[in-house]
Amino acid sequence: MRGKFLFIVGLAVGYVFGTRAGRKRYEQIKTAAQNIWESEPVQWSVKQAQDAVGDVAEEALTAAKRVIHQVTGDKPAAKKTPAAKPAAKPAAKAATEPAAKAAAKPAAK
C-alpha cells in the first residue's frame, strides 16, 4: 500500500513540475536530446550496435535451427520455389463431373 501511495505522489510531483516548466522548456529539452541523438559519435555507436545485434541474431537463429533438426531427427527443409498454379477446369467439364460421379455409385436398397 505504501508503494502505491509513493508512486501516486511521484506522479503528482512530476506532473506539477512538468506543467510549471511549460512548453518552452519542453522544446529546449527536446531539441537538446535530438541534437545529441543526431551527433556523429552517437550514430556511429548505434550503427555498431545494430550490426552486432544483427550478426548475433543470425547466428542464434542458425544454431537454433540446427538444434531443432538434431532433436527431431528431421533434415533441414530445402528452400521451396513457388509451385505453379493448377490449371483451372473448363466450366463445362466442372458442371458434368458431379453428375457423372453420382451415376457411377450404385443405388443403396
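Residues numbered from 1 in each chain as written. Predicted model: local features only at pLDDT ≥ 70, side-chain atom pairs only at ≥ 80, totals over all residues. Heavy atoms only, no water.

1. Digging into the overall build of the chain
Line of reasoning, step 1. Helix and strand content of the chain: three helices and zero strands.
Line of reasoning, step 2. Along the chain, helices (α) and strands (β) appear in the sequence α-α-α when read from the amino end.
Line of reasoning, step 3. For the chain, the proportion of its 109 residues judged to be buried stands at 0%.
Line of reasoning, step 4. Taken as a whole, the chain presents about 10600 Å² of accessible surface, with 65% of it coming from carbon and sulfur. (Helix = DSSP H or I, 4+ residues; strand = E, 2+ residues; numbered from the N terminus. Buried < 20%, exposed > 50% of the residue type's maximum accessible area, 1.4 Å probe, protein only. Areas by Shrake-Rupley, 256 points an atom, 1.4 Å probe, with all protein chains shown as cover.)

2. Some points on the pattern of salt bridges
Line of reasoning, step 1. Counted according to the given criterion, the structure contains one salt bridge.
Line of reasoning, step 2. Residue Asp51 pairs with Lys47 through a salt bridge whose shortest N-O separation is 3.4 Å. Taken as a pair, Asp51 and Lys47 lie in helix 2 (residues 40-72) at a separation of four residues, close to a single helical turn.
Line of reasoning, step 3. For Asp51, a relative accessible area of 35% puts it in the partly exposed group.
Line of reasoning, step 4. Residue Lys47 is classed as partly exposed on the basis of its relative accessible area, which comes to 45%. (Salt bridge = Lys/Arg side-chain N within 4 Å of Asp/Glu carboxyl O.)

3. Details of a nonpolar patch on the surface
Line of reasoning, step 1. On the surface, a cluster of nonpolar side chains totalling about 700 Å² of accessible area is made up of Phe5, Leu6, Val9, Val13, Tyr15, Val16 and Phe17.
Line of reasoning, step 2. Secondary-structure assignment places Phe17 in helix 1 (residues 2-37).
Line of reasoning, step 3. Phe17 gets classed as exposed once you look at its relative accessible area, which sits at 55%. (Patch = residues over 30% accessible without salt bridge, like charges linked within 9 Å, V, L, I, M, F, W, Y side chains within 5 Å.)

4. Side note on the confidence of the model for the chain
Line of reasoning, step 1. Chain-level statistics for the chain give a pLDDT mean of 75 and a share of 68% at 70 or above.
Line of reasoning, step 2. The lowest-confidence element of the chain is helix 3 (residues 91-104), averaging 51 in pLDDT; the highest-confidence one is helix 2, averaging 88. (pLDDT = per-residue confidence, 0-100.)

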